[in-house]
Every structure is written in structure tokens, then in C-alpha cells.
Amino acid sequence: MAIIIKEIVLIFVLTTDSFVVSFAYGMRKVKMPFKIVAGMNMIMSGLLGIALIAGNFLSVFFSKDTTTVLGALLLIGIGLYRILSVFFQKEEKEKIYRELTVIEGIMLAFILSLDSLAVGVGTGLVQSGCFFLAVGTFIGGILMMKLGWKLGSIFRNATEKDLSWLSGVCLLLLAMSFLWKR
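Computed from a predicted structure; not experimentally measured. (Residues numbered from 1 in each chain as written. Predicted model: local features only at pLDDT ≥ 70, side-chain atom pairs only at ≥ 80, totals over all residues. Heavy atoms only, no water.)

### Topic: the overall build of the protein chain
1) Next: Counting secondary structure elements, the protein chain contains seven helices and two strands.
2) Next: Relative to its 182 residues, the protein chain shows a buried fraction of 46%. (Helix = DSSP H or I, 4+ residues; strand = E, 2+ residues; numbered from the N terminus. Buried < 20%, exposed > 50% of the residue type's maximum accessible area, 1.4 Å probe, protein only.)

What follows is the structure, encoded as C-alpha cells:
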């Protein structure tokens, strides 16, 4: 029972970044179609599963610190870009939602997987149960992304102001949390 509780907590931790990023997309009025969300989570869970299975081998090449710093730097860059873009936009674009593209979804899935790779390697070294963890992050990731997007959309609609800069702040906070965990 203790192992299951640990894995549920780990699933929650691994999908929290998906929640934050989806919240940011909801704030920016970017639709996240279910097929892209499912595809992103398939990629992320697949990469986690590979990292879990190959934990002994990958730990020689990639340290947790390296992947954490790389992921944090990427998120800082995206966050700063979003914050600065608010100051340089000429006017509020049309009020319709833009849709997340497949390419954006794939790139985002790989960025979000960097932390999971480090966790997967570390976890793969000390425990089995890879299937439960990979499936759990797939299902949990979809739920967290949909919830994050919905809450971001509700928050944006409730305020009636351009809060797109807030998505950048969310990404910066997420990046700082990666660095803080080190």
C-alpha cells in the first residue's frame, strides 16, 4: 500500500507541470484539443517509461541536475518571451481562440518530459512498477492538463483583462521550482 501511495504522489508531482502549462495556455486563449493533449501525454508517459526501464543505463549519461537545469532554462526562456511579448504587442488580437498545433504539442511534450526523464532514471534505479507509473502519468497528465486549461480560461474570462503575461509568470515559477528542488 505504501508503494502505491508513493507512486500516486509521484504521478501528481510529475503532472503538476502539465497543469501549470495548461493553465498558461488557458490564460492565453489557446485551445488544447483532446487528441493533442492525449498525444502529448502519450509522448511524456512513453519517455517516462523508457527512462524507468533504462534507469541503470541512462544514469551514466544524464544526471538529474543536467535535465532539471535544461528544463528550467527552457521554461525561463518561454516565460520571459511571453512576459515581454505583452509589452511589444500593438493591440489585443481577435477574441477567438487559437488552437495548439501538433508541432507545438510535440515540442511542449518533450520540454515537459525533461524533468520526467530525470525522475524516471532515479526511480528506475530503485524500484520496479514502471507500468503503473507510466499509465498513471498518462491518465493523470490528461486530467491535469484539461483541468489547468479550464481553470486558466475561467480565470481569464472572469477578469476581462489581458493577462497573457501571467502565463509567462507561471512558467517562470515552474522553472524556479525545478531549480529549487535541486
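### Structural notes on the packing of aromatic side chains
1) Next: Enumeration over the complete set of coordinates arrives at one aromatic pair.
2) Next: Ring plane angle 40° and centroid distance 6.3 Å describe the contact between F23 and F155, whose orientation is recorded as tilted. Highlighted residues: F23 in helix α1 (residues 2-27) and F155 in helix α6 (residues 130-159), separated in sequence by 132 residues.
3) Next: F155 sits in the partly exposed class, given a relative accessible area of 37%. (Phe/Tyr/Trp six-rings, centres within 6.5 Å; stacked < 30°, edge-to-face > 60°.)

### Quick look at the environment of K31
1) Next: Inspection of the secondary structure puts K31 in strand β1 (residues 30-31).
2) Next: You can call K31 partly exposed: its relative accessible area is 41%.

### Thoughts on a nonpolar patch on the surface
1) Next: Nonpolar side chains collect at one region of the surface, where M1, I4, I5, I8, V9, F12, V13 and F132 lie side by side and expose about 800 Å² of accessible area between them.
2) Next: A total of six residues in the nonpolar patch trace back to one element, the largest contributor, which is α1.
3) Next: By the element assignment, F12 lies in helix α1. (Patch = residues over 30% accessible without salt bridge, like charges linked within 9 Å, V, L, I, M, F, W, Y side chains within 5 Å. Areas by Shrake-Rupley, 256 points an atom, 1.4 Å probe, with all protein chains shown as cover. Salt bridge = Lys/Arg side-chain N within 4 Å of Asp/Glu carboxyl O.)

### Digging into the side chain of S45
1) Next: The topology assignment puts S45 in helix α2 (residues 34-53).
2) Next: If sequence neighbours within four positions are ignored, S45 has contacts with A134, T137 and F138. (Contact = heavy atoms within 4.5 Å.)

### Points about α2
1) Next: For α2, spanning 20 residues, the distance from its first C-alpha to its last is 28 Å, which sits close to the expected 28 Å at 1.5 Å a residue.
2) Next: Among the residues of α2, those classed as buried are I36, V37, A38, M40, N41, M44, S45, L47, L48, G49, A51 and L52. (Expected span 1.5 Å × (residues − 1).)

### A look at the confidence of the model for the protein chain
1) Next: On average, the protein chain scores 76 in pLDDT, and the residues at 70 or more come to 70%.
2) Next: Within the protein chain, helix α3 (residues 55-61) has the poorest average pLDDT of any element, 60, and α2 the best, 89. (pLDDT = per-residue confidence, 0-100.)

### Remarks on the environment of L108
1) Next: Residue position: L108 is located in helix α5 (residues 102-126).
2) Next: Taking relative accessible area as the criterion, L108 reaches 7% and is therefore assigned buried.
3) Next: Note: C-alpha distance between L108 and V21 (87 residues apart in sequence) is 9.1 Å.
4) Next: With sequence-adjacent residues up to four places away left out, L108 is seen in contact with V21, Y25 and M40.

### Re unusual backbone geometry
1) Next: Even without glycine at this site, K29 takes up a positive phi of about 60°.
2) Next: Secondary-structure assignment places K29 in the loop between α1 and β1.

### Side note on the nonpolar core
1) Next: The biggest cluster of nonpolar side chains holds 16 residues, and the ones touching the most others in it are Y25, M32, M40 and L100.
2) Next: Of all the secondary-structure elements, those providing two or more residues to this core are α1, α2, α5 and α6.
3) Next: Top element by residues in this core is α2. It accounts for five residues.
4) Next: Contacts of L100, omitting those with residues within four sequence positions, involve Y25, V30, K31, M32, P33, I36, M40 and G105. (Core = buried A, V, L, I, M, F, W, Y, C linked by side-chain atoms within 4.5 Å.)

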